Amino acid sequence: MYQVANKKYESKEVTFSDKIYGFPMASSKKIFTIGKYKVKNIIIINTKLAHPLISKKVSKEYQKLVATLMELLTSDDDSGECFKEALNRIEKFRQEIKNKYRHFLKQKELEEMSSQLKAFQREANMRFIELQTAWYEMSLQQGKGK
């Protein structure tokens, strides 16, 4: 599953024919030192080992998303762009979780995040529809006044 190459010899890349679901370890230099060897591209495939790492990463991203959503939903934008942006960010986060991290997170964690995101999504949709309705009514009143 990994390859160690000394500096004296050229390293050969190992490729796998099957798709491996794993969590790539991140580092500032993308190189890990294990003993006296330097290792690149560590992928954790054991779900029990990857769960705490992924849970922490997703939690940070989720907290940033919630802060951004609160800011977008409380803004006084008359064009409705902030609500569209909030809906786009929610959908992007949901797709990212679904595609990248679903295999490693627990069902309970996924359900909690999903329920809160659905509430934000409902709120953004409701406010966007209210804004569009008010804008439409205002345009009708202006049309009658002519």
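Look up a bit, the structure's there.
No experiment lies behind these values; they were computed from the predicted model shown.

Rules used throughout
- Residues numbered from 1 in each chain as written.
- Predicted model: local features only at pLDDT ≥ 70, side-chain atom pairs only at ≥ 80, totals over all residues.
- Heavy atoms only, no water.
- Helix = DSSP H or I, 4+ residues; strand = E, 2+ residues; numbered from the N terminus.
- Expected span 1.5 Å × (residues − 1).
- Buried < 20%, exposed > 50% of the residue type's maximum accessible area, 1.4 Å probe, protein only.
- Arc of directions from axis to C-beta.
- Salt bridge = Lys/Arg side-chain N within 4 Å of Asp/Glu carboxyl O.
- Phe/Tyr/Trp six-rings, centres within 6.5 Å; stacked < 30°, edge-to-face > 60°.

Asks: Before we go on, may I ask you to explain helix α2 (residues 81-101) in this structure?
Replies: Because each turn of an α-helix spans 3.6 residues, side chains separated by three or four positions in sequence point in the same direction. Helix length check: α2, at 21 residues, gives a terminal C-alpha distance of 29 Å against a target of 30 Å (1.5 Å per residue), a fit within 8%. Along α2, the positions that sit buried rather than exposed are C82, F83, A86, L87, I90, F93, I97 and Y101. In an axial view of α2, the angular spread of the buried residues amounts to 145°, which keeps them on one side of the axis. Every exposed residue of α2 that faces more than 90 degrees away from the buried side is listed here: N88, K92 and N99.

Asks: Honestly, the pattern of salt bridges in this entry has me stumped. Any pointers?
Replies: For side chains bearing opposite charge, pairing can occur when the charged atoms are close. Inspection of the entire model under this criterion finds three salt bridges. With its nearest N and O atoms 2.8 Å apart, the salt bridge here joins R89 to E85. Taken together, the residues R89 and E85, both in helix α2 and four residues apart, mark about one turn of the helix. Overall, the relative accessible area of 32% leaves E85 in the partly exposed class. A salt bridge links E123 to R127; the shortest N-O distance between them is 2.7 Å. With E123 and R127 both in helix α3 (residues 107-145), this residue pair falls four residues apart, about one helical turn. E123 sits in the partly exposed class, given a relative accessible area of 24%. Overall, the relative accessible area of 29% leaves R127 in the partly exposed class.

Asks: I tried to follow the packing of aromatic side chains on my own but got confused; where do I start?
Replies: As enumerated under the stated definition, the model contains one aromatic pair in all. A centroid spacing of 5.9 Å and a plane angle of 40° characterise the contact between Y62 and F93, whose relative ring orientation is tilted. Separated by 31 residues along the polypeptide, Y62 in helix α1 (residues 47-73) and F93 in helix α2 bring together distant segments of the chain. The class for F93 is buried, based on a relative accessible area of 5%.

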